[in-house]
Every structure is written in structure tokens, then in C-alpha cells.
Amino acid sequence: MVLHGTMEQGDRLIQGMAEGGDFRILAAGTTRTVDTARELLDLAPVATDALGRALTGSILMARLLDKNVKHQYVTLRFEGDGPLGVMIAEANVAGAARGWVANPVPLDETLDVSRAIGRGLLTVVRGTPPAGKPYTSQIELKGSGVAQELTRYLARSEQMSSAVLLGVLNRRRGVAAAGGILIQAFPHASADSVERIEQRIKEAPPLSTLLEKMPIEDVVAAVFHGCHYKQIDSSFNVALSYSCSCSRERALAPLQLFAPDELREMVAQGGSEVVCQFCGRKYRFSAGDLLALNAKPDA
Ligand SMILES: [Zn+2]
């Protein structure tokens, strides 16, 4: 599936270690993924900034789960009181991400990401389909920015000493750079190495400005200069993309919840169309398709 020839230019997740194995580093260059989201969902710049960070965060967090489970995913649901409304970002361990913003074009163009999302609730769902029950947990959204909220989530819910850095840079023609780094301290990390890493994180220039100038490999090396950073073999890289797992069957599922008279109404109108909120794909159901639904005894 992975096209190795295009890996060099395309979005990718890389993995590494720092401070002689005291830290695990995951990093993702997501410029194309975020720009695809912007295009498909008609996102205003601040919505691109917000969802781009959330998508990158979900990609990094999906990789934190047990690597042996093939289909695991992470869903981040931001329910803040800011003008963007509900925002969803979802990614799986294979590097496919998708998202949605309730109000992708807020009226106030001066908003920053924190205010655009606002305060409220962040729900994190981790699942490993088809088997296994999804694991859900929630924290309060404090209006502090996506990276800070996710760092707090990891500390509280996963009891993991870690930090998340995220960046999106918009230019007039679209997303010029996007990406993120997730740093995870192992329990055996020494106080000295924790201090060095924290210092580097503090001193790091905004991630998006680095990402615009250099590939993700060099960005991470620059941020962790002097911390014995080493990337693990690039054959462990994961190709990233904005891609939706919707299907005709899944689009039909919500129609099954309609009452028989509502279905008859749609039949009278000659059918129905369902538009996927994540990718805009349209699924057209004829009167015949709907009649078949209606005929089901449990509908
Ligand atoms: Zn879709």
C-alpha cells in the first residue's frame, strides 16, 4: 500500500529516541493532510489552524496505542463554547485522518485557536475495531490551545509524562506548513535528561516556522539538538493522509432510524441523498433502496 517513492515528499510520521532512550519521540509532518481538510471542508484560516492541530494530535496519539493492533484509532471531540462549535478529529494507526468542524467559517476573523474553540469538554475515544469496546475519557477544555489540552489529557488520563507541540502555518494560497511532535518520557528518565528536554521545548521556535523551512526529520533534530536525538529506522515511517472510511452501507445506516412515514415521504420525493460530513462524498439512495429499508421488520 505505501508508495515508498513518494514518502520523501509526502506527509509522514517518524519515530525516534532521545537522551539515550529516556524519551520516545513521535513527529508528524501533516501539511498536505491539513491542506486537504481545508479544501474539502471549506475551512476558514482559524478553523484550519484549529482542526489542523487536532488532526495532527490525533495522528500522533493513534500511534501511542499498542502498535500490534492493526485497526486502532483515536477520536478527539472538542465541545467548546467558542464560535467553531463541535470539532472532531480522528486518526488510525495506519496514518489515515479525517475531521469535521460544525462552524468552519466564524464571523470574527481576528480569533485565535484558543478562543475559536473556547472552554468546555474534550472527549477522547480510543478503539480497536472490530473487537474490543472503545475506551472513552473526558477532560475539561480550558481554552489553552490544542497542544496544551492534549498534553493535559495525556498527563491526567494516560498518566504519561509527555508534551505535545503542534503548529499550522496558513498562507494566502493554503496551508504552508503543519505538523507536530509528541515527546513521551519513560518512567526511568533521569531528572537531568527531563530538564534538558524541557529546556529545549521551551526554547524551540514555533514549530510551523521550522516546518516551512525543512523536512520533519530536520525539524525534530533541530528542536532536540544536544539531547542525543536519534531517529529510528525510516522503514518504520508511516505515510499520512486525509482519508475517509465512509461507505454506502454506513451512509445508509442512519436512514434506518427514520420512522416508516418519514421514509415514505422520502420515497415520494424520489429518494434521498446523504452527504458525508468528513469528506463531502455524496451517497444517493433511490426510492427502491428506501423501500427495501422500509420492508425490514426491525426498521
Ligand atoms: Zn466520507
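See the structure printed just above.
Not measured: the values here are computed from a predicted model.

Details of the coordination of the zinc ion
Here's step 1: Note on the zinc ion: its protein donors are C244 (SG), C246 (SG), C276 (SG) and C279 (SG). The metal-donor distances range over 2.3 Å.
Here's step 2: Here the zinc ion is ringed by four donor atoms whose angles at the metal span 105 to 116°, and the overall shape comes out tetrahedral.

Side note on the pattern of salt bridges
Here's step 1: Scanning the entire structure with this criterion turns up ten salt bridges.
Here's step 2: Between R196 and E19 there is a salt bridge, and its shortest N-O distance comes to 2.8 Å. Residue R196 is located in helix α6 (residues 191-203), and its partner E19 is located in the loop between β1 (12-18) and β2 (23-29); the two are separated by 177 residues in the primary sequence.
Here's step 3: The class of R196 is partly exposed, set by a relative accessible area of 39%.
Here's step 4: Here E212 makes a salt bridge to R171, at a shortest N to O gap of 2.9 Å. Taken together, the positions of E212 in helix α7 (residues 207-213) and R171 in strand β8 (residues 162-171) put the pair 41 residues apart, joining distant regions of the chain.
Here's step 5: Residue classification places E212 among the partly exposed positions, given a relative accessible area of 36%.

Observations regarding unusual backbone geometry
Here's step 1: Its identity as a non-glycine residue notwithstanding, D42 has a phi of 50°, on the positive side.
Here's step 2: Locating D42 in the fold gives a position in the loop between α2 (31-41) and α3 (45-62).
Here's step 3: Of note, H228 is a non-glycine position whose phi angle comes to about 50°, a positive value.
Here's step 4: Its place among the elements puts H228 in the loop between α8 (216-223) and β10 (230-231).
Here's step 5: You can call H228 exposed: its relative accessible area is 62%.

Some points on the sheet that holds strand β3 (residues 73-80)
Here's step 1: Overall, mixed pairing links the six strands, which are arranged β7-β6-β3-β4-β5-β12 in an open sheet. If you trace the sheet from one side to the other, it starts and ends with β7 (135-142) and β12 (241-242), each paired once.
Here's step 2: The pairing of strand β5 (residues 96-101) with β12 spans two bridges and is parallel. From the neighbouring strand, A97 faces β12, where its bridge partner is Y242.

A word on the pairing of β5
Here's step 1: With five bridges connecting them, strand β4 (residues 86-92) and β5 associate as antiparallel partners. Along β5, the bridge assignment pairs E90 with R98.
Here's step 2: Counting the residues that bridge the hairpin from β4 to β5 gives three residues, and of these G95 lies at a positive phi of roughly 95°.

Looking at the environment of T31
Here's step 1: Structurally, T31 is set in helix α2.
Here's step 2: A residue is classified by how much of its surface remains accessible, and T31, at 22% relative accessible area, is partly exposed.
Here's step 3: Each C-alpha atom, one on T31 and one on V146, is 17 Å from the other, the two residues being 115 residues apart in sequence.
Here's step 4: Setting aside residues no more than four positions away along its own chain, T31 makes contact with D11, V175, A176, A177 and A178.

Rules and cut-offs
Numbering of residues begins from 1 in every chain and follows the order in which that chain's sequence is written. Reporting of local features is limited, given that this is a predicted model, to residues whose pLDDT is at least 70; pairs of side-chain atoms are given and counted only at 80 or more, and all residues count toward the totals for whole chains, interfaces and linings. Side-chain descriptors were evaluated using all non-hydrogen atoms of the structure, hydrogens and water having been removed beforehand. The donor set comprises N, O and S atoms within 2.8 Å of the metal, extended to 3.2 Å for Na, K and Ca; water molecules are omitted, so apparent gaps in a site may simply reflect that omission. Geometry assignment treats four donors as tetrahedral when all angles are between 85 and 135 degrees, treats four as square planar and six as octahedral when opposite donors are over 155 degrees apart and all others between 65 and 115, and treats everything else as irregular. By definition here, a salt bridge exists when the distance from a side-chain nitrogen of Lys or Arg to a carboxyl oxygen of Asp or Glu is within 4 Å. Runs of E in the DSSP output that reach at least two residues are strands. Runs of H or I that reach at least four are helices, and both are numbered from the N terminus. Three exposure classes are used, based on accessible area relative to the maximum for each residue type with a 1.4 Å probe and protein chains only: buried under 20%, partly exposed in between, and exposed over 50%. When DSSP finds at least two bridges between two strands, those strands are taken to pair. Whether two residues are in contact is decided by their heavy atoms: any pair within 4.5 Å suffices.

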